[in-house]
Structures are given as structure tokens and as C-alpha cells.
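Observations on the three-dimensional arrangement
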Amino acid sequence: MELKLYTYENAPLDELVTVSISEETPPAPYDESTDLLNLEPRIAAVFIKPDDEFPLMRAGRILANHGIFNVKLKLSKEISPFDALGFLNALYSGPKKDLKVALPLDEPSLRTLSWIFAMVSSARGIADLGSNECTPIQLMELLGELCRSAAKISGGRCSMRVVTPEDPMFERYSGLRTVGKGSLACMGVIDYLPEGMEDGCPEVALCGKGITFDAGGYDIKPERFMEDMRTDKTGAVNLAAALALAIGLGLKRHVRAYLACARNLVGPDSMVPGDVIGYPDGTTVEIGNTDAEGRLVLADAILQARDDGAKVILDAATLTGSAKYALGRDMCAVFCRDNRMPQSLKDCFSYTGELYWQLPLFNFHDRFLKSRRAVLSNCGNGCSVPGASAAAAFLKHFVSDDEQWVHIDLSSAYLPEGSPFLGKGPTGAIIFPVGLWLTGDSLD
């Protein structure tokens, strides 16, 4: 997919449709449900509701639904680059559709916008790759290049290490060894140091789930849930993209991403219910459900970040169906120790306009993880289990009391049917708020 951006002054008007946005009712004889009118050749009006939450995104989606991808967006007031980014993300309809867009922004703003959009659309494309195109190691190669290309802009140092089963260090990753026994697994570590900063403990650790295909193991998924499981790697993809965004925007802190990547398939050596595994911190876990694999590999990432001395840990994963049942697919779920979300992260979600909802996490949620044979079970058990909170409680077990920790369950990672604001496919969720949060003066 290629994006070409123009100022109003250099726009090739003979190639674009000039589009205005109206909150008025469409004129007679058109029905009030009409959302687009061709007024003249290459001139159109988009009609949105006054109470639409994201008017520019809604307009972009209407245009895309009508097959209009070459647009001069005619606006009577200034917009921010992030507003323009929302419009472009809504207009995006996959890698086959090129975009030509004229916006009321100057050339420097358009250059920055073009880079950010290219990076985000690349991440959305990577999240959508099939398992045959994207093994765990191939995934890390793609994500490493995404961050390295951003470092070429900032001048900082970006390095990557991929720990495979052949590496002695892989022995400590109990979750990855267990999940990957039926196929492939690796731990990818992307390390970013701003220019002039000496190596040491990372200030922030980003821990992402990168399951390149999740069949569910021996607790195999029903057919209707299987098709989209190539996108179970979105936690790793979107956190790497958030790091790349932060790097490109001038990140000034040491950040390290731990991306736990595997395929969860059925094989002669695959884990089965009843297996018990042990982690380096002494925690034992009974496998109650092989389809609850994401928390197993995230525990590896969190423990590694903890041992490396990270002061702040943020993890993200397409972790539970429960989060989608609670919130739908238009927002992500956020969990924090003591239910205290950092104000700076709240502010970044608010600034970018991305929706989230904080779900509860209390010590009493631990009771749903009881096991007779181990410290924890990897799946919730008991009556009326709050699945998303129970999964968060599992992860919290591996975080020390000294670390600030945020867990994001990415219920908004993928839209199988699209929405009023975004097309079908991966959404790029949390890339913008987390990327901005990393660049902020404070993480509190």
C-alpha cells in the first residue's frame, strides 16, 4: 500500500475527490440515512451525526465504504496531526488500496504524518500475516526492522536478540518451552538506548504476547474461532510498533521489549491438561487448559524484565475472550495493581482519543487460580469466573511489589467485521497512547 499526502497548494485536484463533512440532515429527496452525496464531478459531501464520537474517523470510514480513497479533505478549521492520523487509519482498507489525500497541514507535518502512518499500517499488515508467512522468528525479524528503521531517525541505538531453543538461555523460559513443544518458539528482545546513554537496567519493559497461530493445543478451538488466530501475535506487534513510534518521536529513556513468540499447535510433544511446569522464581503451574497459553509465555517475559531490573512493566496481549465479551472490540481492557492506572497513561489515551476501560483486579481474584497440584492453575476455575481479571491475577503473581505494572488485554486488536470507524482486520490498538506515554516526562 502506498500513501501520498499533499498540502492544499500542491494537491492534484484532477485526481482527487474534494470532500466536505456535514452534520446537517441530507437534503430532500434523500433519506436521512444517506451518508454520502456526489454534488458535482469530483465534489462530494459526507454526512455524519452530530453525536458521532470520532467525526473524522467516521467520515474516513464512509468514504472507504464507498470506494473513495483519493481525497481532498475540505475543512473549515485546523486539525492536529493526530486527528489527521485518525482519518487516514479509518480510510485504510488493507494493503491492496493505495491512498492519495490532501490535508490542511504544512509540509513538515505531512512528512511526520506520512512516516507515522507508514509505520502503523506496516504493523497492521504484520499482525494480519498468515502463519505460513510469519513464523515466530520471522515475526521478530519484521519487528526488529520496524524499530531499527525508527532508530535511524532518532540516532539512538537499537539492537535485537532472538533467543531460540538452541540457546542455553532458552531453558529458563518455561512457558515458551511448554507452548512451543508442539511447534516453534523464541524470545525476542529489542533494546533501545537514546543517543549518549550508557547501557544498564531498562527503565521500562514492554512485554508482548506473539502467538503467530493459536489452534488452542489439545483444547482445540472451535472452527469458527480458528480463522483469525493468525492475529494472536498482536500484543507483540503493537508494543513493538509503540516502541518504534516513541523512538521516531525522540524517546529519551531506556526501553526494552520482551516479545514471547510461539505457535500453539497440536503435536506429539504438545502440552496436555494436567502437565505441571516450573518457573525460575519457584512458581509451579498446572496446565488446566492448553488454550490459555498466552499467560504462560507472558510470565517468561515478565520474569525476564524483572530480573533485568526494569522499574516499569507494561504487558499487552490478546489474552482472553472474556475481555471481548465484557467490552466488545471497540476498546481495550486495562488492569493495574491496586487498580491505580498511571495518570500519564490515562492522559495519553485521552489525547489520542483511543478508548479503554479499566477492569477490576483484587487479591480475591487469586482464588480462581487455585490448583491442588501446583501454586497456580493457568485457567480460571470455579463458579462465575471473571476470566479477564483471573488472567490478570495470574500475571500479577510474577510481578514484584517494587515495580509499576500495567496489563492491557487487547480486546480491540482485531475487527472481523469492521466498525463505524475502522475497516476489517487489525486495528493498531494502543500503538499511539503507549508510544506517547513512553516519550512523556513522567510515567506516573
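Report follows, based on the coordinates. Each chain has its residues counted from 1, running along the sequence as written. Local features in this predicted model are restricted to residues of pLDDT 70 or higher, and side-chain atom pairs are both shown and tallied only at a pLDDT of 80 or more, whereas totals for entire chains, interfaces and linings draw on every residue. For the side-chain quantities, the full set of heavy atoms in the structure was used; hydrogens and water were omitted.

**Description of the nonpolar core**
Here is the rule: Nonpolar core, defined: a set of buried Ala, Val, Leu, Ile, Met, Phe, Trp, Tyr and Cys residues in which side-chain atoms within 4.5 Å join the residues together. Relative accessibility thresholds used throughout: buried, under 20% of the residue-type maximum; exposed, over 50%; partly exposed, between the two (1.4 Å probe, protein chains only). The contact definition used throughout considers only heavy atoms, calling two residues in contact when any of these lie within 4.5 Å.
By size, the foremost hydrophobic cluster in this structure holds 91 residues, and its most contacted members are F87, L103, L243, I408, I430 and W437. Setting aside chain neighbours within four positions, we find L243 in contact with C147, I190, Y192, L206, L251, V255, A257 and L438.

**Brief notes about the packing of aromatic side chains**
Where we set the bar: Only Phe, Tyr and Trp rings take part, Trp by its six-membered ring, and two of them pair if their centres are within 6.5 Å. Stacked means planes under 30 degrees apart, edge-to-face means over 60, and tilted covers everything else. Either the NZ atom of lysine or the CZ atom of arginine qualifies as a charge over a ring when it sits within 6 Å of the ring centre and within 35 degrees of the ring normal.
Per the stated rule, a full pass over the model turns up nine aromatic pairs. A centroid spacing of 4.8 Å and a plane angle of 50° characterise the contact between F349 and Y356, whose relative ring orientation is tilted. For Y356, a relative accessible area of 22% corresponds to the partly exposed category. Clustering of aromatic rings is evident, with ring pairs tying together F82, Y351 and F432. Stacked on the ring of Y8, the Lys or Arg K72 has its end atom at 4.8 Å from the ring centre.

**Some words on the packing of helix 8 (residues 294-307) against helix 11 (residues 387-396)**
Selection rule: The axes are straight lines fitted to the C-alpha atoms, using for helices just the contacting stretch, and the angles between their N-to-C directions are given from 0 to 180°. Note on conventions: DSSP H or I runs of at least 4 residues are helices, E runs of at least 2 residues are strands, and numbering of each starts at the N terminus. Here is the rule for handedness: rotate from the far helix to the near one, and if that takes an anticlockwise turn smaller than a right angle the crossing is left-handed, while a clockwise turn gives right-handed. Amino acid classes used here: Ala, Val, Leu, Ile, Met, Phe, Trp, Tyr, Cys and Pro are nonpolar; Asp, Glu, Lys and Arg are charged; the rest, including Gly, are polar.
Orientation of helix 8 relative to helix 11, taken along the N-to-C sense of each, is 30°, at an axis distance of 9 Å. By crossing handedness, the relation of helix 8 to helix 11 is classed as right-handed. Together, R295, L296, L298, A299 and I302 of helix 8 and A391, F394 and L395 of helix 11 make up the contact between the two elements. Tallied by class, residues from the contact of helix 8 with helix 11 come to seven nonpolar, no polar and one charged.

**Notes on the pairing of strand 3 (residues 36-40)**
Note the following rule: Strands were regarded as paired on the criterion that DSSP finds at least two bridges between them.
Pairing analysis gives four bridges linking strand 3 to strand 4 (residues 43-47), with the strands arranged antiparallel. In the sheet register, L36 faces strand 4, and the bridge partner there is V46. Hairpin connection from strand 3 to strand 4: two residues lie between these consecutive antiparallel strands, with R42 at a positive phi of about 65°.

**Observations concerning the packing of helix 7 (residues 234-248) against helix 12 (residues 431-439)**
What counts is decided by this rule: Here the angle decides the label: under 35 degrees means roughly parallel, over 145 means roughly antiparallel, 65 to 115 means roughly perpendicular, and every other value means oblique.
Close contact between helix 7 and helix 12 brings their axes to 8 Å; oriented N to C, the two are set at 45°. In terms of orientation, helix 7 lies oblique with respect to helix 12. Viewed along their axes, helix 7 and helix 12 form a crossing whose handedness is right-handed. On helix 12, the residues touching N238, L239, A241, A242, L243, L245 and A246 of helix 7 are I431, F432, V434, G435, L438 and T439.

**A look at helix 2 (residues 81-91)**
Most of helix 2 is tucked away, with eight of its 11 residues classed as buried. Among the residues of helix 2, A84, L85, G86, F87, L88, N89, A90 and L91 are the ones counted as buried. Here the buried face of helix 2 lies against strand 1 (3-6), helix 1 (55-65), strand 5 (70-74), strand 6 (99-102), helix 3 (107-127) and helix 12.

**Description of the sheet that holds strand 15 (residues 356-358)**
The eight strands lie next to each other as 7-8-10-9-13-17-14-15, forming an open sheet whose pairing is mixed. Each of the sheet's edge strands pairs with one partner strand only, and the pair in question is strand 7 (157-163) and strand 15. The sheet shows a mean angle of 20° between the axes of neighbouring strands, direction not considered. Sheet topology places strand 9 (residues 204-214) next to strand 13 (residues 312-317); five bridges connect them, and they run parallel. Following the sheet pairing, V204 is matched in strand 13 by V312. Its contacts with the sheet place helix 11 against strand 13, strand 14 (332-336) and strand 17 (404-409), and it is angled at close to 145° to strand 17.

**So, the pairing of strand 6**
Applied cut-off: Viewed with both strands pointing away, a crossover whose connecting path from the first strand over the helix to the second turns clockwise is right-handed.
Sheet analysis places strand 1 next to strand 6, joined by four bridges and oriented parallel. In the strand pairing of strand 6, L5 is matched with V101. Taken together, the three bridges between strand 5 and strand 6 define a ladder with parallel strand orientation. Residue pairing across strands places N70 opposite K100, the latter belonging to strand 6. Once you follow strand 5 into helix 2 and on to strand 6, the crossover reads as right-handed.

**Some points on helix 8**
What sets the pattern is the α-helix's 3.6 residues per turn: residues three or four places apart point alike. Quick note on the threshold: Helix span, as expected, comes to 1.5 Å for every residue beyond the first.
In this model helix 8 runs 20 Å from its N-terminal to its C-terminal C-alpha over 14 residues, within 8% of the 20 Å that 1.5 Å per residue would give. Of all 14 residues in helix 8, 12 are buried; the element is thus mostly enclosed. Taken together, the buried positions of helix 8 are occupied by G294, R295, L296, V297, L298, A299, D300, A301, I302, L303, Q304 and A305.

**Regarding the sheet that holds strand 16 (residues 376-377)**
Taken in spatial order, the three strands line up as 11-12-16 in an open sheet, and their pairing is mixed. Because the sheet does not close on itself, it has two edges, and the strands there are strand 11 (276-278) and strand 16. Both strand 11 and strand 12 (residues 284-286) contribute to a ladder of three bridges, which runs antiparallel. Residue V276 lies in a different strand from strand 12, and its bridge partner there is E286.

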